[in-house]
Amino acid sequence: FEADLGLLGSAEKLCQQVGDIDVLVDKSDMEKAREALMNHGFQLDSKSYVHDVLHTDSGMAIELHNRLTKEHTGKYNVLDDLKEHIEHNILSVELEIVYLLYHIRKHLTTMGVGLRSIIDIGVYLDKYHNQVDYDKLFSLLEETSLCKLFVNLVHFNEVYLQKKLNAFENDT
């Protein structure tokens, strides 16, 4: 486990605008990550099988996640078996899209979803569409039953936000 905790001083100012910082940590490194944060002034609020929540006295919160989903079904295994989708500690663009969709679906079925989440799909596709392997993406979308949601959110972004996303073609 390696982290540059010196960045947290500047991140604390950023947290005045966001609710918390989510950090994905390998399950085997959770204890080391928790201890590193606690050695830098964070206090542990709670622990669960999905994440630990820590905070500073000034209110900065970090969630250490050992998985991306709360699901126990095989439908979203791809989001928790990440080794083949991470390079240089960054999710593949295809898996990032699947995660954004999973997160929207989770909120649609629980507490509702804001327009920002829907726009995030458009913003992400607008920026990264030339890097997407669409065969891989649609395979992941079929595996997670998120294909219809993806198509509808792309359509929403194109029609109502007037974004040309090129989401169904790879022009690289």
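Computed from a predicted model, the values in this text were never measured in an experiment.

Quick word on the side chain of Asp52
With respect to the secondary-structure elements, Asp52 resides in strand E3 (residues 51–55). Judged by relative accessible area, which is 2%, Asp52 ranks as buried. Within the structure, the side chain of Asp52 is placed 2.5 Å from the side chain of Arg34, a separation counted as a polar contact. Ignoring any residue separated from it by four or fewer positions in sequence, one finds Asp52 in contact with Met30, Arg34, Leu44, Ser46, Lys47, Ile62, Glu63 and Leu64.

Some words on helix H4 (residues 115–128)
For an α-helix, 3.6 residues make a turn, and residues three or four places apart therefore share a direction. For H4, built from 14 residues, the straight-helix expectation of 20 Å at 1.5 Å per residue is met to within 8% by its first-to-last C-alpha distance of 20 Å. Every buried residue of H4 is listed here: Ile118, Ile121, Gly122, Tyr124 and Leu125. For H4, the buried positions fall inside an angular range of 160 degrees around the axis, keeping them on one side. Exposed residues on H4 whose side chains face more than 90 degrees from its buried face are Arg116 and Lys127. In this structure, the buried side of H4 is in contact with helix H3 (93–108), helix H5 (134–143) and helix H6 (147–160).

Focus: the pattern of salt bridges
Applying the stated criterion across every chain yields a total of three salt bridges. A salt bridge links Asp29 to Lys32; the nearest nitrogen and oxygen atoms lie 3.7 Å apart. Judged by its relative accessible area of 17%, Asp29 is buried. Between Arg34 and Asp52 there is a salt bridge, and its shortest N-O distance comes to 2.5 Å. Taken together, the positions of Arg34 in helix H2 (residues 30–38) and Asp52 in strand E3 put the pair 18 residues apart, joining distant regions of the chain. Comparing Arg34 with Asp52 shows no difference in burial state: the two are buried.

Structural notes on H3
In this model H3 runs 23 Å from its N-terminal to its C-terminal C-alpha over 16 residues, within 8% of the 22 Å that 1.5 Å per residue would give. Here H3 has its buried residues at Val93, Glu94, Leu95, Ile97, Val98, Leu100, Leu101, Tyr102, Ile104 and His107. On its buried face, H3 is in contact with strand E6 (90–91), H4, H5 and H6.

Comments concerning the sheet that holds strand E1 (residues 21–24)
The strands making up a sheet associate through backbone hydrogen bonding, with each pair oriented either parallel or antiparallel. Taken in spatial order, the four strands line up as E1-E4-E3-E2 in an open sheet, and their pairing is mixed. The open sheet has two edge strands, E1 and strand E2 (43–47), and neither has a second partner. On average, each strand axis in the sheet is inclined to that of its neighbour by 25 degrees, with strand direction left out of account. Pairing between E1 and strand E4 (residues 61–65): four bridges, direction parallel. Across the sheet, residue Val23 finds its bridge partner in E4, namely Leu64.

Overview of unusual backbone geometry
Phi at Ser145 is positive, roughly 60 degrees, even though this residue is not glycine. Counting through the fold element by element, Ser145 comes out in the loop between H5 and H6.

Calculation notes
Residues numbered from 1 in each chain as written. Predicted model: local features only at pLDDT ≥ 70, side-chain atom pairs only at ≥ 80, totals over all residues. Heavy atoms only, no water. Helix = DSSP H or I, 4+ residues; strand = E, 2+ residues; numbered from the N terminus. Buried < 20%, exposed > 50% of the residue type's maximum accessible area, 1.4 Å probe, protein only. Polar contact = N/O pair within 3.5 Å; in protein donor to acceptor, adjacent residues only side chain to side chain. Contact = heavy atoms within 4.5 Å. Expected span 1.5 Å × (residues − 1). Arc of directions from axis to C-beta. Salt bridge = Lys/Arg side-chain N within 4 Å of Asp/Glu carboxyl O. Pairing = 2+ DSSP bridges. Axes fitted to C-alpha atoms, helices over the stretch in contact; angles between N-to-C directions.

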